[in-house]
Amino acid sequence: MTADRLPGRRSPVLTLAMLAFLVYFMLPLFWLVIASTKTTGDLFSSFGLWFADDFSLPRNVREVFAADNGVYARWLLNTAVYAVVSAGGAALLAALAGYGFAKFRFRGNNALFGVVLGSIMVPSTALAIPTYLVFSKVGLVNTPWAIILPSLVNPFGLYLMRVYAQDAVPDGLIEAARIDGAGEFRIFWQVAMRLLAPGFVTVLLFTLVATWNNYFLPLIMLNNPSLYPVTVGLANWAAQASMGGGASGDVLPLVVTGSLLSIVPLVAAFLMLQRYWQSGLGAGGVKQ
């Protein structure tokens, strides 16, 4: 029997385990979709994993965007600005630094890269208070820069780009460009970046998701509701809903529906950028 005709091997145990993981990861999303179609009363009186008789999704969406003079749209716009600027900047800086670590030899290369690896182990929450103190000294607290600037530093992205650039960009291709008279920055933009596209998009998406879902940093940096991202804004609505009674009880569907709407841009970003996730772009570019 030839190697390309090997029979498929199936494991019932592994299949059941994968199904269990699928249910584990998809169940919260399924519940969120179902809950977004319900009124406040139906959320507590109907079965949580199936629709109620009153399908209220269109009404809930309208109320989300109408609540508090349409502040939810402002929160979404703030989140999009923070996430897109931070993700683009962090991915670009990671690509530049990773390419430099991978393709240039200089004194302290390994030591500096070791510092980068060590910084990955530091939790971001441990840096939040020192970052706040520094930003308060320079007057950047309660501004968009208080969210964007810390998000530009991505040690894991730098590590990922360094490892990816090591194999994705052939040394022979760089030397050929240098012989043709290209400068280092031109080589990076016109040669290396084309080959680093899958790694660049990976770092971009990781940073986009991390910034979009960031809650603690905006919570301590911002006190102006018009600057809130959607995470902090929804948390404020949830706090109102937890008080119970009166009009606050009607806030719960806003929180659930707003949470569902907040993940739609992330899903769209993954669907649009997944075509860039491919490997072997530099295969055959240089004959070794």
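Residues numbered from 1 in each chain as written. Predicted model: local features only at pLDDT ≥ 70, side-chain atom pairs only at ≥ 80, totals over all residues. Heavy atoms only, no water.

**Student:** Quick one: what's the story with the layout of surface pockets, residue by residue and with numbers?
**Tutor:** Approximately 810 Å³ is the volume found for the largest pocket. Lining the largest pocket we find 22 residues, and of these Ser-124, Pro-150, Ser-151, Val-153 and Pro-155 sit closest to its centre. Listing elements by their share of the lining of the largest pocket, those giving two or more residues are helix H5 (109-120), helix H6 (124-138), helix H7 (145-151), helix H8 (155-168), helix H11 (197-212) and helix H12 (216-221). Looking at which element gives the most residues to the lining of the largest pocket, the answer is H6, with five residues. (1 Å grid on protein atoms, 1.4 Å probe; cavity = no way out; pocket = protein on both sides within 12 Å on 5 of 7 lines; lining within 4 Å. Points joined across faces, edges and corners; volume = space filled by probe spheres on them. Helix = DSSP H or I, 4+ residues; strand = E, 2+ residues; numbered from the N terminus.)

**Student:** Tell me about the side chain of Thr-39, residues and numbers included.
**Tutor:** Residue position: Thr-39 is located in the loop between helix H1 (12-35) and helix H2 (40-45). Here Asp-42 takes part through its side chain, which lies 3.2 Å from a polar atom of the side chain of Thr-39. For Thr-39, the residues in contact, after removing those within four places along its chain, are Asp-54, Ser-56, Arg-59 and Pro-253. (Polar contact = N/O pair within 3.5 Å; in protein donor to acceptor, adjacent residues only side chain to side chain. Contact = heavy atoms within 4.5 Å.)

**Student:** Could you give an account of the nonpolar core, naming the residues involved and the relevant values?
**Tutor:** Residues Tyr-72, Tyr-99, Leu-196, Met-221 and Trp-237 are the most contacted members of the largest nonpolar core, which totals 54 residues. Of all the elements, helix H4 (residues 71-103) adds the most residues to this core, at 12 residues. Contacts of Met-221, omitting those with residues within four sequence positions, involve Thr-131, Tyr-132, Phe-135, Val-141, Asn-142, Ala-146 and Ile-147. Counting residues in each nonpolar core, the second largest holds five residues, with Leu-32, Ala-35, Leu-43 and Val-256 among its members. (Core = buried A, V, L, I, M, F, W, Y, C linked by side-chain atoms within 4.5 Å. Buried < 20%, exposed > 50% of the residue type's maximum accessible area, 1.4 Å probe, protein only.)

**Student:** Let's hear about empty space enclosed by the protein: which residues, and what values?
**Tutor:** Counted by the stated rule, this structure contains one cavity of 30 Å³ or more. Size it by volume and the largest cavity reaches roughly 30 Å³. At the level of secondary structure, the elements contributing two or more residues to the lining of the largest cavity comprise H4 and H11. The class makeup of the residues in the lining of the largest cavity is five nonpolar, three polar and no charged. (Nonpolar A, V, L, I, M, F, W, Y, C, P; charged D, E, K, R; others polar.)

**Student:** Any details on the packing of helix H3 (residues 57-66) against helix H14 (residues 252-273)? Residues and values, ideally.
**Tutor:** Running from N to C, H3 and H14 point in directions that differ by 90 degrees, and their axes come no closer than 9 Å. In terms of orientation, H3 lies roughly perpendicular with respect to H14. When H3 is examined against H14, the residues Leu-57, Asn-60, Val-61, Glu-63, Val-64 and Phe-65 are found in contact with a partner set consisting of Pro-253, Leu-254, Thr-257, Gly-258 and Leu-261. Looking at the contact of H3 with H14 residue by residue, the classes come out as seven nonpolar, three polar and one charged. (Axes fitted to C-alpha atoms, helices over the stretch in contact; angles between N-to-C directions. Parallel < 35°, antiparallel > 145°, perpendicular 65-115°, else oblique.)

**Student:** Lay out the packing of aromatic side chains with the relevant residues and their values.
**Tutor:** For any pair of aromatic rings, geometry is given as the distance between the ring centres together with the angle between the planes. Under the counting rule described, the total for this entry stands at 15 aromatic pairs. Ring geometry for Tyr-99 and Phe-188: centres 5.3 Å apart, planes at 55 degrees, overall tilted. Of this pair, Tyr-99 sits in helix H4 while Phe-188 sits in helix H10 (residues 184-195); the two residues are 89 residues apart in sequence, bridging distant segments of the chain. Look at Tyr-99 and you get buried, because its relative accessible area is 4%. Aromatic rings pair up to connect Phe-101, Phe-106, Phe-113, Phe-156, Tyr-159 and Phe-206 into one cluster. Across the ring face of Phe-113, the terminal group of Arg-162 is positioned such that the distance to the ring centre comes to 4.6 Å. (Phe/Tyr/Trp six-rings, centres within 6.5 Å; stacked < 30°, edge-to-face > 60°. Lys NZ or Arg CZ within 6 Å of the ring centre and 35° of its normal.)

**Student:** Go over the side chain of Ser-56 with me, naming the residues and quoting the values.
**Tutor:** By secondary structure assignment, the location of Ser-56 is in the loop between H2 and H3. For Ser-56, a relative accessible area of 1% gives the class buried.

**Student:** So what's going on with the pattern of salt bridges? Residues and values would help.
**Tutor:** This structure, assessed with the given rule, holds four salt bridges. Between Arg-59 and Asp-54 there is a salt bridge, with its nearest N and O atoms 3.3 Å apart. Among the salt bridges present, the one from Arg-178 reaches Glu-184, with a minimum N-O distance of 2.9 Å. With relative accessibility at 29%, the residue Arg-178 sits in the partly exposed group. Overlapping salt bridges, with partners in common, bring together Glu-175, Arg-178 and Glu-184 in one network. (Salt bridge = Lys/Arg side-chain N within 4 Å of Asp/Glu carboxyl O.)

**Student:** Just give me the short version of unusual backbone geometry, but keep the residues and values in it.
**Tutor:** A positive phi angle, near 60 degrees, is found at Asn-69, a position not held by glycine. As for its position among the elements, Asn-69 is in the loop between H3 and H4.

**Student:** Any chance you could break down H5 for me, citing the residues and the numbers?
**Tutor:** Taking 1.5 Å per residue, 12 residues should reach 16 Å; H5 reaches 17 Å between its end C-alpha atoms and fits that length. Of the surrounding elements, those touching the buried residues of H5 are H4 and H8. (Expected span 1.5 Å × (residues − 1).)

**Student:** Give a description of the packing of H4 against H10 that names residues and reports values.
**Tutor:** The description of two helices packed together rests on the angle between their axes and the distance between the axes. Interaxial distance between H4 and H10 falls to 12 Å at its minimum, and their mutual angle equals 100 degrees. Judged by the inter-axis angle, H4 sits roughly perpendicular to H10. Between H4, through Leu-92, Ala-95, Leu-96 and Tyr-99, and H10, the contact on the second element is made entirely by Ile-187, Phe-188, Trp-189, Ala-192 and Met-193. Taken together, the residues that form the contact of H4 with H10 break down as nine nonpolar, no polar and no charged.

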